[in-house]
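# Structure at a glance
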Amino acid sequence: EIDGFGLGRADRIAFHPTDQNTYYVGSSGGGLWKTTNDGASWTPLTDFIASLGIGGLFVSWANANHIYILTGDGDSDLQNGLVDQFDYERKAMGVYRSTDGGTTWTFLSPVDTNFYLSFRLSQCPTDASIMLAATSTGLYRTTNGGFNWTRELTGQYHDVEWKPGTNRAYAASKTNISYSTDGGATWFLSVLDSAFVSPLKMELAVTPAAPNNVYLLAGGSDTTVGKFCGFYKSTNSGVTYAQV
């Protein structure tokens, strides 16, 4: 028996915008899967692409048949995870797109030509051609639907979210939170609560029910895997965060 963290993980999920029975799940090493009957049965979609780790996934709000994935399993590279224990890694090969609901795939871009791992891929709510990718080598931006990318922020970024219905974005690295007011072209550092402890990983959440709110989960530390480092909330669209 192998005693490891994260074996068989289903890391990413994306939903069809109008059909509640159809959604997609990305795994750490088994590719992308699709259900059209609310999970009763599943079909593998990406058995023949270059990397089977799915680090980023979304269904385009502009066209439900357009699905984007960012390969590379960044979660396995966190301290004391599978990389450290068993020399396991799922290198990112770049972004793939399907325009027929996942039946066929086209490779768009490597994003970064160097070795990297991926954590998140997200589409701007107001411009479907703008996307942000959170990776181990930085936060990247495309303005032409994924064909070309520019690194906007350096460092390891774990998550990126958009303020609902706007081009305002939030990005979480290992040490800080940033926000953008122009679709990811420029970024400003958020002010964190004085109680903030730098975690191993941070994740963000937003909701249309309260669009000015941003929620921050800080979990794991460099010394204690699984340690809860804090839950924080912003009520001013990511400018400041207070501990909850």
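Data block above holds the structure.
None of the values given here were measured: they were computed from a predicted structure.

The next point concerns the pairing of strand β15 (residues 177–180). Neither face of β15 is left uncovered, since the one carrying I177 and Y179 and the one carrying S178 and S180 both have all their residues buried. Inspection of the sheet shows strand β14 (residues 169–173) paired to β15 by 4 bridges, in the antiparallel sense. Residue pairing across strands places A172 opposite I177, the latter belonging to β15. What sits between the antiparallel neighbours β14 and β15 is a turn of 3 residues. The pairing of β15 with strand β16 (residues 188–189) spans 2 bridges and is classified as antiparallel. What sits directly across from S178, in β16, is L189.

To continue, consider the sheet that holds strand β7 (residues 95–98). In spatial order, the strands read β5-β6-β7-β8; together these 4 strands make up an open sheet with antiparallel pairing. Each end of this open sheet is capped by a strand with a single partner; those strands are β5 (54–59) and β8 (106–109). If you compare each strand with its neighbour and ignore which way they point, the axes differ by 25° on average. Examined bridge by bridge, β5 and strand β6 (residues 67–71) share 5 bridges and lie antiparallel to one another. Across the sheet, residue F58 finds its bridge partner in β6, namely Y68.

With that settled, the discussion passes to the packing of aromatic side chains. Taken as a whole and judged by the stated rule, the model has 7 aromatic pairs. Ring geometry for F58 versus Y68: centroids 4.9 Å apart, planes at 20°, classification stacked. With a gap of 10 residues between them, F58 in strand β5 and Y68 in strand β6 connect regions that are remote in the sequence. Taken as a pair, F58 and Y68 share a single burial class, namely buried. Every member of this aromatic cluster is reached through a ring pair, and the members are F15, Y23 and W42.

It is worth spelling out the pattern of salt bridges at this point. Going through the model one piece at a time under the given rule, you end up with 3 salt bridges. Where R120 meets D159, a salt bridge forms, and the shortest distance between an N and an O atom there is 3.0 Å. One end of the pair, R120, is in strand β9 (residues 118–123); the other, D159, is in strand β13 (residues 157–162), and 39 residues separate them in sequence. Judged by relative accessible area, which is 4%, D159 ranks as buried.

A sheet is described by the order of its strands in space; here 4 strands give the open sequence β17-β18-β19-β20, paired in antiparallel fashion. If you trace the sheet from one side to the other, it starts and ends with β17 (201–205) and β20 (242–243), each paired once. Examined bridge by bridge, strand β19 (residues 228–234) and β20 share 2 bridges and lie antiparallel to one another. Residue pairing in the sheet places Y232 in a bridge with Q243 of β20.

Of note, V111 is a non-glycine position whose phi angle comes to about 70°, a positive value. Mapped onto the secondary structure, V111 falls in the loop between β8 and β9. A positive phi angle, close to 60°, is found at S237, a residue other than glycine. Here S237 is to be found in the loop between β19 and β20. A relative accessible area of 6% places S237 in the buried class.

Thresholds applied
- Within every chain, residues take consecutive numbers counted from 1 along the sequence as written.
- It should be noted that, the model being predicted, local features are given only for residues of pLDDT at least 70 and side-chain atom pairs only at 80 or more, the latter also being counted only at that level, while totals for whole chains, interfaces and linings use all residues.
- To get the side-chain values, all heavy atoms of the structure are used, and hydrogens and water are removed first.
- Burial classes: relative accessible area under 20% of the type maximum marks a residue as buried, over 50% as exposed, and values in between as partly exposed (1.4 Å probe, protein chains only).
- For helices the rule is a DSSP run of H or I covering at least 4 residues; for strands it is a run of E covering at least 2, with both sets numbered from the N terminus onward.
- Two strands qualify as a pair provided DSSP detects at least 2 bridges between them.
- Inter-axis angles, ranging from 0 to 180 degrees, are taken between N-to-C directions of lines fitted to C-alpha atoms, where helices are fitted over the stretch in contact.
- Classification of ring pairs rests on two measures: the distance between centres of Phe, Tyr or Trp rings, Trp counted by its six-membered ring, which must be within 6.5 Å, and the angle between planes, read as stacked under 30 degrees, edge-to-face over 60 and tilted in between.
- We count a salt bridge whenever a side-chain nitrogen from Lys or Arg sits within 4 Å of a carboxyl oxygen from Asp or Glu.

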